[in-house]
Amino acid sequence: NRISVSFDWYTRNNYDLIGPINTVGVGGETMKYANVADMKTGGVEFSLSTKNIVTKNFSWTTDFIFGKNRTEVTKLDMQSTMIDLISGSGFAKKGYPNRALFSIPFAGLDEHGYPTFYKADGTKTSATDSYIDFQSRTNLDYLKYEGPTDPTINGSFGNIFSYKSFRLNVFITYSFGNVVRLDPVFSSEYSDLNSMTLEFRNRWMVPGDEKYTNIPTILSKRELDANSDLTKAYNAYNYSDVRIADGGFVRLKEISLSYDIPKKLLMKEMSNLSIKVQGTNLFLLYADKKLNGQDPEFFRSGGVSTPVPKQFTLTLRAGF
């Protein structure tokens, strides 16, 4: 009983999944929900539990869990718009995982510090070209596939050390296989109410900076008035492939130390007494540096949320 192993495997074909579909407007609605998709899902889960050391006064046990899952949309009776595919929540597309995320291919900054992109034919466009149509449903194959927004790998790694009446628990969780759309903080114009990120320190400021940075310049009012298409270019930059981060992480989920008071020190009326100090969500051992401290575990559409708070708990438990 020193080693315990389990392995699970599953596969499933999902039919007639419900989703939105465009109609001719019969009944007063141009968008309705219908059975529009089929999808294949599958995965594995592996767990390993070991008693590494077992003595009279000391023991060390380890628990490791690894899970991997996959999805693939095999049928889709609808046409997604560009904004559906590039927004942070991801969307369905035939031949790709559920909630797949795509990006507009970024082609670098021009000599003015404006963002440029690649067209469907592979040619490079200028920032003043209004070819980008976020509501387009055709010719979207040129969009770059980034990955799913849902993790494909999840698991945990825990160790429990016991010495006499002391018990130390160290628990780590991890998640990989997904991508995160960074917050759409870039715009063609800003006000005093906007909060700037540290990325703006590395923005384009003088000719030649386009060789060293991909952060676009802050437009003057004169530049924006001269070409309103720059608004669309800056919005497209938020949904380009340079605004993607790895959603994987390794988190120190919990550390706890408990101590059972010896029974000889207890009052006669008490059967047991223990004290426990516990820290939860202490910090991330790994996360993509592009997130700049944002927490990839709790993301929202268009970016990620604020980090989960740390929690410290002191518990005194008594039995009578």
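In this text the structure is predicted, and so the values were computed from the model without any measurement. (Residues numbered from 1 in each chain as written. Predicted model: local features only at pLDDT ≥ 70, side-chain atom pairs only at ≥ 80, totals over all residues. Heavy atoms only, no water.)

Draft legend 1. Examining the packing of aromatic side chains more closely. Tallied over the full model, the rule gives 15 aromatic pairs. Ring geometry for Phe64 and Phe157: centres 6.4 Å apart, planes at 65°, overall edge-to-face. In this pair, Phe64 sits in strand E3 (residues 58-76) while Phe157 sits in strand E8 (residues 153-163), placing the two residues 93 residues apart along the sequence. A ring pair is formed by Phe64 and Tyr174, whose centres lie 6.4 Å apart and whose planes are at 20°; its orientation type is stacked. On the criterion of sequence distance, the pair formed by Phe64 in strand E3 and Tyr174 in strand E9 (residues 166-176) is long-range, its members being 110 residues apart. (Phe/Tyr/Trp six-rings, centres within 6.5 Å; stacked < 30°, edge-to-face > 60°. Helix = DSSP H or I, 4+ residues; strand = E, 2+ residues; numbered from the N terminus.)

Draft legend 2. Quick look at the pattern of salt bridges. Inspection of every chain in the model, using the stated rule, returns 8 salt bridges. Here Asp295 makes a salt bridge to Arg251, at a shortest N to O gap of 2.8 Å. Residue Asp295 is found in the loop between strand E13 (272-287) and strand E14 (299-300), and its partner Arg251 is found in strand E12 (residues 249-260); the two are separated by 44 residues along the sequence. The exposure classification of Asp295 matches that of Arg251, with both residues buried. (Salt bridge = Lys/Arg side-chain N within 4 Å of Asp/Glu carboxyl O. Buried < 20%, exposed > 50% of the residue type's maximum accessible area, 1.4 Å probe, protein only.)

Draft legend 3. Representation of the nonpolar core. Judged by nonpolar contacts, the single largest core of 23 residues is most densely connected at Met82, Ile86, Ile104, Phe117, Phe134 and Leu143. Mapped by element, the contributors of at least two residues to this core are helix H1 (82-86), strand E4 (100-103), strand E5 (106-109) and helix H3 (229-238). Counting 7 residues, the second largest nonpolar core, distinct from the first, contains Val36, Ala37, Leu76 and Ala92. (Core = buried A, V, L, I, M, F, W, Y, C linked by side-chain atoms within 4.5 Å.)

Draft legend 4. Looking closely at the side chain of Thr213. Locating Thr213 in the fold gives a position in the loop between strand E10 (179-181) and helix H2 (221-226). Judged by its relative accessible area of 15%, Thr213 is buried. A polar side-chain atom of Thr213 sits 2.6 Å from the main-chain carbonyl oxygen of Asn202. From its side chain, Thr213 meets the backbone nitrogen of Ile215 in a polar contact 3.1 Å long. (Polar contact = N/O pair within 3.5 Å; in protein donor to acceptor, adjacent residues only side chain to side chain.)

Draft legend 5. Just the sheet that holds strand E1 (residues 3-22), in detail. The strand order across the open sheet built from 8 strands is E1-E2-E3-E8-E9-E12-E13-E16, with neighbouring strands paired in antiparallel fashion. Edge positions in the open sheet fall to E1 and strand E16 (311-319), since each of these has one partner strand only. The average undirected angle you get between the axes of adjacent strands in this sheet is 15°. As paired strands, E9 and E12 are joined by 10 bridges and run antiparallel to one another. (Pairing = 2+ DSSP bridges. Axes fitted to C-alpha atoms, helices over the stretch in contact; angles between N-to-C directions.)

Draft legend 6. Here's a closer look at unusual backbone geometry. The backbone of Asp16 shows a phi angle near 55°, a positive value even though the residue is not glycine. Within the fold, Asp16 resides in strand E1. One non-glycine residue with positive phi stands out, namely Arg99, at about 55°. With respect to the helices and strands, the residue Arg99 is situated in the loop between H1 and E4.

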